[in-house]
Amino acid sequence: MSRPDWDRYFMSMARLAAWRTTCLRRRVGCVLAKDRRVLATGYNGAPSGAPHCIDAGCVRCELNVPSGERTELCRAVHAEQNAVAQAARFGTALEGCTAYVTCQPCAMCMKSLMQAGCVRVVWSGDGYPDALGLQLAAEAGWVMRGTNELEKTR
């Protein structure tokens, strides 16, 4: 049996976090790690204390809104936003961390990760239909290191 490298290890954790989702449309998990340590995790779901999508229903599903559109109608918080919020809530600095996400971050999540101090984003699975996040990262000096990897270079 071979040991997984660190990227595979943390991505496996992100996939595990995605199992906790309460979203009816997409399972997304996120792990923020630095120096081979997990700093925070998140999955997409309703804000703390609010009814879950699996209980309250999904307006976007009812209206048949395409993925990536009308996100303001969604009651869920994205996995990346939940991970950043968890770190903030418990006083964990994210400067220099890597985000492992089970799909390409949307523009809002990419902006949150950039502002929180992430220097690398690795994702698997399908891309989110939102090219703006990749454009903003490129404009800020991030470069593609692989098909599913962005890294800050300046």
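Residues numbered from 1 in each chain as written. Predicted model: local features only at pLDDT ≥ 70, side-chain atom pairs only at ≥ 80, totals over all residues. Heavy atoms only, no water.

K.L.:
Explanation requested: the packing of helix 5 (residues 107–116) against helix 6 (residues 132–139) in the structure shown.
P.N.:
Orientation of helix 5 relative to helix 6, taken along the N-to-C sense of each, is 30°, at an axis distance of 7 Å. Classified by the angle their axes make, helix 5 and helix 6 are roughly parallel. Considering only the axes of helix 5 and helix 6, their crossing is right-handed. Between helix 5, through A107, M110, K111 and M114, and helix 6, the contact on the second element is made entirely by L132, G133, L136 and A137. Of the residues contributing to the contact of helix 5 with helix 6, the split by class is 6 nonpolar, 1 polar and 1 charged. (Axes fitted to C-alpha atoms, helices over the stretch in contact; angles between N-to-C directions. Helix = DSSP H or I, 4+ residues; strand = E, 2+ residues; numbered from the N terminus. Parallel < 35°, antiparallel > 145°, perpendicular 65-115°, else oblique. Left-handed = near helix turned anticlockwise from the far one by under 90°. Contact = heavy atoms within 4.5 Å. Nonpolar A, V, L, I, M, F, W, Y, C, P; charged D, E, K, R; others polar.)

K.L.:
What is the right way to read unusual backbone geometry from this model?
P.N.:
When glycine is set aside, most residues are seen to have a negative phi, and most peptide bonds are trans. Backbone geometry at D35 places phi at a positive 50°, although glycine is not the residue there. Counting through the fold element by element, D35 comes out in the loop between strand 1 (29–34) and strand 2 (37–43). The exposure class of D35 is exposed, given its relative accessible area of 63%. Residues other than glycine seldom take positive phi values, yet N64 does so here, at roughly 55°. Structurally, the position occupied by N64 is in the loop between helix 3 (59–62) and helix 4 (79–89). (Buried < 20%, exposed > 50% of the residue type's maximum accessible area, 1.4 Å probe, protein only.)

K.L.:
Help me understand the packing of aromatic side chains, please; the structure alone is not making it clear to me.
P.N.:
The description of an aromatic ring pair uses the distance of the two centres, along with the angle that the planes make with each other. By the definition in use, this model includes 4 aromatic pairs. Centroid distance W6 to Y9: 5.5 Å. Interplanar angle 90°. Geometry classified as edge-to-face. With W6 and Y9 both in helix 1 (residues 6–18), this residue pair falls 3 residues apart, about one helical turn. An aromatic cluster is present here, built from W6, Y9, F10 and Y100 joined pairwise through their rings. (Phe/Tyr/Trp six-rings, centres within 6.5 Å; stacked < 30°, edge-to-face > 60°.)

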